[in-house]
Amino acid sequence: MNFTLDGNQSSRPFCLVAFGYLETVNFCLLEVLIIVFLTVLIVSGNIIVIFVFHCAPLLNHHTTSYFIQTMSYADLLVGVSCLVPSLSLLHYPLPVEESFTCQIFGFVVSVLKSVSMASLACISIDRYIAIIKPLTYNTLVTPWRLRLCILLIWLYSILVFLPSFFHWGKPGYHGDVFQWCAESWHTNPYFTLFIVMMLYAPAALIVCFTYFNIFRICQQHTKEISERQARFSTQSGKAGEVQACPDKRYAMVLFRITSVFYILWLPYIIYFLLESSTGFSSRLASFLTTWLAISNSFCNCVIYSLSNSVFQRGLKHLSGAMCTSCVSQTTVKDPNTVRSKGPSNGCQV
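Where an unreviewed UniProt entry is consulted, the protein chain appears under the name Probable G-protein coupled receptor 21, with the organism given as Orycteropus afer afer. Quoted verbatim from the Sequence similarities (unreviewed entry) heading of the UniProt record, the comment on the protein chain is "Belongs to the G-protein coupled receptor 1 family." The UniProt entry for the protein chain carries the following comment under Subcellular location (unreviewed entry): "Cell membrane".

In structure tokens:
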């Protein structure tokens, strides 16, 4: 239970966002609303993404779908794990002591977000290989190698944050809604440097290098194609339409997902580095930057659904399948209803 022990305020719960407390309900209203709202969005959004991938075979033609689905499962687990602080803020009894609960929660969310970050880096590498080695891509990138890569991503993420249980320091601020995490578990500059060097810096450098070269090569290909078509149109007297690099559009979708990820995580990383190096501390800043970063688990769903036409068709067919199921149930209840002819399975694109 997150209660302060301060004289007359002994019954007042611990709140990171102090102005969000209301005595009439006796819990941190603003924190609860933010966390519960994000939890609902993250869980529902990623369940939809997982179902659409399951129902749209064309989405699985891209090898990056392995990593996209890995991110979706990781983001879904982030949403489910957010139920822990939500229940704590609502004064539900915790199964174990608060210190252990907040350590476990902080560790789990850190690992899950590390999986997302590493998956984005692997996606950029995958697209880079597809651009520079198109003829040998299918022999280099095989399903079993992708599965092995995903397994290594999970193991690596666990190992990076495992030292937090051996008094190396706090891996992040995800557990700071618990009083013990906010006041008694401190960051360590050396552990922070370790996390930056082992995770944040390599992932960011890989993403910057690969996407820079992907767009450079695509621009070069587009220029070469336009020059060839210009020469052909001059000889034949017909104007040809310039076709862009075929991988550029899909790379743009993935680049948007990656960009939003780092934009939402940048304030968190800056505050993490600032507190570890200078000792600066702000409960409000830690709460806002942490849950802004966690909100990325929902943003991936939105970006992918708005940017990928195949995903949109899969979502449409999933909606159609659900509507067909509802109509079928209505028909069973009302035998006089005329059933429309059509495929019963809406999970094909």
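(A) The arrangement of the pattern of salt bridges in detail. Inspection of the entire model under this criterion finds two salt bridges. Salt-bridge contacts for lysine 113 lead to aspartate 75; the nearest nitrogen and oxygen are separated by 3.1 Å. Residue lysine 113 is located in helix 4 (residues 98-132), and its partner aspartate 75 is located in helix 2 (residues 64-81); the two are separated by 38 residues in the primary sequence. Note that aspartate 126 and arginine 127 form a salt bridge whose closest N and O atoms lie 2.9 Å from each other. Taken individually, aspartate 126 and arginine 127 each receive the classification buried, so the pair is uniform in this respect.

(B) Focus on unusual backbone geometry. Even without being a glycine, histidine 167 presents a positive backbone phi close to 65°. Following the sequence through the fold, histidine 167 ends up in the loop between helix 6 (143-161) and helix 7 (179-184).

(C) Structural view of the packing of aromatic side chains. Under the defined criterion, the tally for this structure stands at 11 aromatic pairs. Centre to centre, the rings of phenylalanine 287 and tryptophan 291 are 6.3 Å apart; their planes meet at 45°, and the pair counts as tilted. Remark: tryptophan 291 and phenylalanine 287 occur in helix 10 (residues 283-294); sequence separation between them is four residues, near one turn of the helix. Taken individually, phenylalanine 287 and tryptophan 291 each receive the classification buried, so the pair is uniform in this respect.

(D) Summary view of the UniProt feature "transmembrane region" (unreviewed entry) in the protein chain. UniProt's entry tags residues 32-53, 73-92, 104-125, 146-169, 189-214, 253-274 and 286-306 with the feature "transmembrane region" (unreviewed entry), counted in the numbering of this structure. Taken end to end, residues 104-125 is 100% helix and 0% strand, and its two terminal C-alpha atoms sit 31 Å from one another. Taken end to end, residues 146-169 comprises 67% helix and 0% strand; its first and last C-alpha atoms sit 33 Å apart.

(E) Here's a closer look at the packing of helix 1 (residues 29-55) against helix 10. Look at helix 1 against helix 10: their axes get within 11 Å of each other, and the N-to-C directions meet at 10°. Relative to helix 10, the element helix 1 is oriented roughly parallel. Handedness of the helix 1/helix 10 crossing: left-handed. Facing Glu31, Ile34, Ile35, Leu38 and Ile42 of helix 1, the residues of helix 10 in contact are Phe287, Trp291 and Ile294. Here the contact of helix 1 with helix 10 is composed, by residue class, of seven nonpolar, no polar and one charged.

Basis of the calculations
Residues numbered from 1 in each chain as written. Predicted model: local features only at pLDDT ≥ 70, side-chain atom pairs only at ≥ 80, totals over all residues. Heavy atoms only, no water. UniProt positions renumbered as here; feature names shortened; annotations may be inferred. Salt bridge = Lys/Arg side-chain N within 4 Å of Asp/Glu carboxyl O. Helix = DSSP H or I, 4+ residues; strand = E, 2+ residues; numbered from the N terminus. Buried < 20%, exposed > 50% of the residue type's maximum accessible area, 1.4 Å probe, protein only. Phe/Tyr/Trp six-rings, centres within 6.5 Å; stacked < 30°, edge-to-face > 60°. Axes fitted to C-alpha atoms, helices over the stretch in contact; angles between N-to-C directions. Parallel < 35°, antiparallel > 145°, perpendicular 65-115°, else oblique. Left-handed = near helix turned anticlockwise from the far one by under 90°. Contact = heavy atoms within 4.5 Å. Nonpolar A, V, L, I, M, F, W, Y, C, P; charged D, E, K, R; others polar.

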